[in-house]
Structures are given as C-alpha cells and as structure tokens.
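# Structural overview
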Amino acid sequence: MDVLLTVVVPVYAVEDFLLACLDSIRAGLTPEENASVEVIAVDDASPDGCGAMLDAYAARHGGLRVLHLSSNVGLGLARNAGLAEATGRYVWFVDSDDRLPPGSVRAVLDRLRASAPDVLLVDHLREHEDGRLEPDASSPVLAGPATLDRLLGLQHTAWNRITRRGLLTEHELRFPAGWYEDVPFSNPVLVAAERVEVLNRVCYHYRVGRPGSITATRSERHFEAFEQYDELHERLDRLGAAPGVRARVFTLMINHLLVVAGNDSRMHPSCRRRFFRGIVRQYRRHLPAGHRPPAGAAGLKHRLVAANSYALYSALRAGYRLAGSRKRSTEPTPAVSPDLSSTPRPVQTTSLR
C-alpha cells in the first residue's frame, strides 16, 4: 500500500515527553491504516537520551524510521531533514513534546482520502503543565467561513496544517534556520494552495509553558523573528500574493511582534525598547499602500508603532497588565474536559483560487 501520510517528528531534549508523543501517533490504528502512515523521527543531536530512546522504540515497535543528525541544526532544519526522507503524499510536522488525542490520525487519513486537499487544517488544544486543556484564541477561525482572509488568522504553526508534499516541492517551501521558523512557512503554504480544507476537530495537544521551550525562554534570539518576517514577505512576493493578503499578513505580523515584545517569558525588560524599535522598522519596511490600522486596542498599538512612540506603548502595556492581573484574580480559569477534547465538528472545504 502506498504511504498516504508521513509524520515528521523533530526531537531535541524531550525525554519526559517523547514516548507519549510517539505512542499517540499510531494509537488505535488498524493494520491497514498503519500501512498508510510512516513516522520519521529526527534526532537533532539531542544532548540527552532521546537518540537511544528512539532507537529502542524503533526496535521494539517497528514502524518508526530514525534519522540521527551529526550536529544540532534547530527545529526548522530538522524538519527539512525529515521531509527530505518522506515518501507519503502528505506530511504532518508533529513536535516531540506534544501529542495527538485519540482518533486524530484516523480522522486525518479519512479526510485526506475523501477530499485530497492541498492543505488540511486541524484544531488544537493548549495543554498546561498541570494537564489542564484550553482552546486556543485562534480556534474560532475554523468554525467560521473558510476564506483565506480568515484562515490566515489561525495560529501560524506547522503542526496544525497537514500539507501535500508535492505542494512544498512545487513552491520550494521549506523551513529556514533559526527561531520562529514557522513564520515563513505556515501562511505561504495557504497562499500557494488551490484547495484548503478545514477539519474542525481537535487533532493536536500543544504543550505550553514547558521549561526550555522557545516561548518560555528569555533570549535575544527572539530578535530572529524580524529576519523570518522578511523572508515571509519575500515568499509572498514570489507567490504573487494579492494586495488583500499582504495587508492581512502585515496586520498579523505587527500583532505577533507586539505579543513577543510584551511577553515577560520571552523578552527581558532591558531588551524591550530595542525590540520595539525593530517592530517600527518592520512596520515601515513592509507597510502596504493604503493600509489602515485595526480597530480597538490593537489599532492603538499599531498607531504607537507607526509613531515610534515607545514611551506611550510602555505606559499602555503597564495599564493593560494591571487590569489583566485584577481580572485574573477574580475569575477562575475554565477547564476543558479531556473527554470532549477531540469531538468531531462539521468539516468545511474551500477553494482559495
């Protein structure tokens, strides 16, 4: 049987989560379904015991190909290494500290067979260290009209989109080196696609707040986001993205960079002003003709970036954080039942051209 789906799992320093991730990929699959899935784990010169764990897992269970890289290359290039070995018609990049809820791969296989899209988008839940699950703020995008303008607002990651491998080859879409490697990949994939389908079902549990993860690490490497956004805009140029797409991506870029700037888990206070100046440069470099800032608080922040007003931005940020702290102290955090976390919902299909 031909391989329909290749799951690429880059691995680095995730001993505590690796086995759960691998087990979740093939859990509950029939022999026929297993035959249509290949799993490629890429040991990115992990400094712990992950490489040995992968070899032992492959020997014990089978159905796992292991690539050992001689030196650490980072998440994006490790994904590329797995992609280069893939034989499936579709590829799904799954991070090794995350996991798939039961039935996810079967649901994906069924939809790929039924509709043969260029890209299949899936929903996810955020999983906290205490096991609590919650929806992502972008998840409602999947429940509305499946237009490109809306779908560009889905969290821009590699793991919430299963992509036809030929599409990546045809448009030379690969991951760049460095942090924020998803930025030049995730939305260009949607722009390049002729047919995108939405599987409005939770098929992924994304672990948040893990010590050592990029989003929980203070580092000047967050400044690499600027280079990744430059690459994103170059790719949009090559794809001939429409002006409306460029305007939408520009707004999302500024929103994202402002999130990074304001996140204490990522940005040391001593770096925040310099990062803000970098946002200003990106704003001026990529501002589309006739662009209008979004409404509300987001639009106010955009205007402060346009005016290069860090002092007002800093004061506004402090006010929002104080108000948010007071709100969190009086409102309990809602929990999501694991029993409901993978309930199927209606599927939508759209042609983006």
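Residues numbered from 1 in each chain as written. Predicted model: local features only at pLDDT ≥ 70, side-chain atom pairs only at ≥ 80, totals over all residues. Heavy atoms only, no water.

## Regarding the overall build of the chain
- In terms of regular secondary structure, the chain is built from 13 helices and nine strands.
- Relative to the compact-globule value of 20 Å for 353 residues, the chain shows a C-alpha radius of gyration of 20 Å, a close match.
- Judged by the C-alpha coordinates and their principal axes, the chain covers about 60 × 45 × 40 Å.
- With 353 residues in all, the chain has 51% of them scored as buried.
- Look at the contacts in the chain between residues 6 or more apart in sequence, and 80% of them connect residues 24 or more apart.
- About 15,500 Å² of surface is accessible on the chain, with carbon and sulfur atoms providing 52% of the total.
- Averaging the coordinates of the 44 positive side-chain charges in the chain and doing the same for the 40 negative ones gives two points 9 Å apart. (Helix = DSSP H or I, 4+ residues; strand = E, 2+ residues; numbered from the N terminus. Rg over C-alpha atoms; globule rule 2.2 N^0.38 Å. Buried < 20%, exposed > 50% of the residue type's maximum accessible area, 1.4 Å probe, protein only. Contact = heavy atoms within 4.5 Å. Areas by Shrake-Rupley, 256 points an atom, 1.4 Å probe, with all protein chains shown as cover. Lys, Arg positive; Asp, Glu negative; His and termini not counted. Charge placed at Lys NZ, Arg CZ, Asp CG, Glu CD.)

## Describing the pairing of strand β5 (residues 119–127)
- Counting buried residues along β5, eight of its nine residues qualify, which places the element largely inside the surrounding structure.
- Where β5 lies against strand β7 (residues 161–164), three bridges are found, and the strand directions are antiparallel. By the bridge assignment for β7, L121 is matched with R161.
- Relative to strand β8 (residues 195–207), β5 runs parallel, the two sharing eight bridges. Its bridge partner being in β8, L125 is matched across the sheet by H205.
- For β5 and strand β6 (residues 133–135), the ladder comprises three bridges, and the chain directions are antiparallel. When the sheet's bridge partners are listed, R126 is paired in β6 with E134.
- Here β5 folds back onto β6, and the loop between the two strands holds five residues, one of which, G131, carries a positive phi near 90°. (Pairing = 2+ DSSP bridges.)

## Let's talk about the packing of aromatic side chains
- Scanning all chains against the criterion turns up twelve aromatic pairs.
- A centroid spacing of 5.9 Å and a plane angle of 45° characterise the contact between Y310 and Y313, whose relative ring orientation is tilted. Linking Y310 with Y313, this pair stays in helix α13 (residues 310–330), spanning three residues, or about one helical turn.
- Residue Y310 is classed as buried on the basis of its relative accessible area, which comes to 10%. (Phe/Tyr/Trp six-rings, centres within 6.5 Å; stacked < 30°, edge-to-face > 60°.)

## A look at the nonpolar core
- Counting 63 residues, the largest nonpolar core has F93, V119, L121, L190, L257, F275 and I279 as its most contacted members.
- It is helix α10 (residues 243–262) that provides the largest number of residues to this core, a total of nine residues.
- Aside from chain neighbours lying at most four places away, what touches I279 is F226, I254, L257, L258, A261 and V305.
- In this structure, L22, V39, Y57 and L64 belong to the second largest nonpolar core, which totals 36 residues. (Core = buried A, V, L, I, M, F, W, Y, C linked by side-chain atoms within 4.5 Å.)

## Considerations on the pattern of salt bridges
- According to the stated counting rule, one finds 24 salt bridges in the structure shown.
- The partner of E33 in a salt bridge is R106, and the shortest N-O contact between them spans 2.8 Å. Taken as a pair, E33 in helix α2 (residues 31–35) and R106 in helix α5 (residues 104–115) lie far apart in primary sequence, 73 residues in all.
- The class for E33 is buried, based on a relative accessible area of 10%.
- Put simply, D136 and R126 hold a salt bridge, and the shortest N to O gap is 3.7 Å. Highlighted residues: D136 in the loop between β6 and α6 (148–151) and R126 in strand β5, separated in sequence by ten residues.
- Under the relative-accessibility criterion, R126 is labelled partly exposed at 24%.
- Taken together, the salt bridges that share partners define one network made up of R126, D130, R132, E134 and D136. (Salt bridge = Lys/Arg side-chain N within 4 Å of Asp/Glu carboxyl O.)

## Digging into the UniProt feature "domain: Glycosyltransferase 2-like" (unreviewed entry) in the chain
- Under the local residue numbering, the UniProt record ascribes the feature "domain: Glycosyltransferase 2-like" (unreviewed entry) to residues 6–135.
- Structurally, residues 6–135 is divided into 38% helix and 25% strand, and its ends, taken at the C-alpha atoms, are 26 Å apart. (UniProt positions renumbered as here; feature names shortened; annotations may be inferred.)

## With respect to the packing of helix α9 (residues 224–239) against helix α11 (residues 269–286)
- Where α9 meets α11, the closest approach of the two axes is 11 Å, and the angle between their N-to-C directions is 10°. Between α9 and α11, the angle is such that the two are roughly parallel. In this structure, α9 contributes F226, Y229, D230 and H233 to the contact, and α11 contributes F275, G278, I279, Q282, R285 and H286. (Axes fitted to C-alpha atoms, helices over the stretch in contact; angles between N-to-C directions. Parallel < 35°, antiparallel > 145°, perpendicular 65-115°, else oblique.)

## Looking at the layout of surface pockets
- The calculated volume of the second largest pocket comes to roughly 150 Å³.
- Looking at the second largest pocket, the residues that line it are L22, D23, I25, R26, V39, Y57, H61, G62, G63 and L64.
- Secondary structure elements with two or more residues in the lining of the second largest pocket: α1 (18–26) and α3 (50–61).
- Ranked by the residues each element gives to the lining of the second largest pocket, the list is headed by α1, at four residues.
- Across the lining of the second largest pocket, the residue classes tally to five nonpolar, three polar and two charged. (1 Å grid on protein atoms, 1.4 Å probe; cavity = no way out; pocket = protein on both sides within 12 Å on 5 of 7 lines; lining within 4 Å. Points joined across faces, edges and corners; volume = space filled by probe spheres on them. Nonpolar A, V, L, I, M, F, W, Y, C, P; charged D, E, K, R; others polar.)

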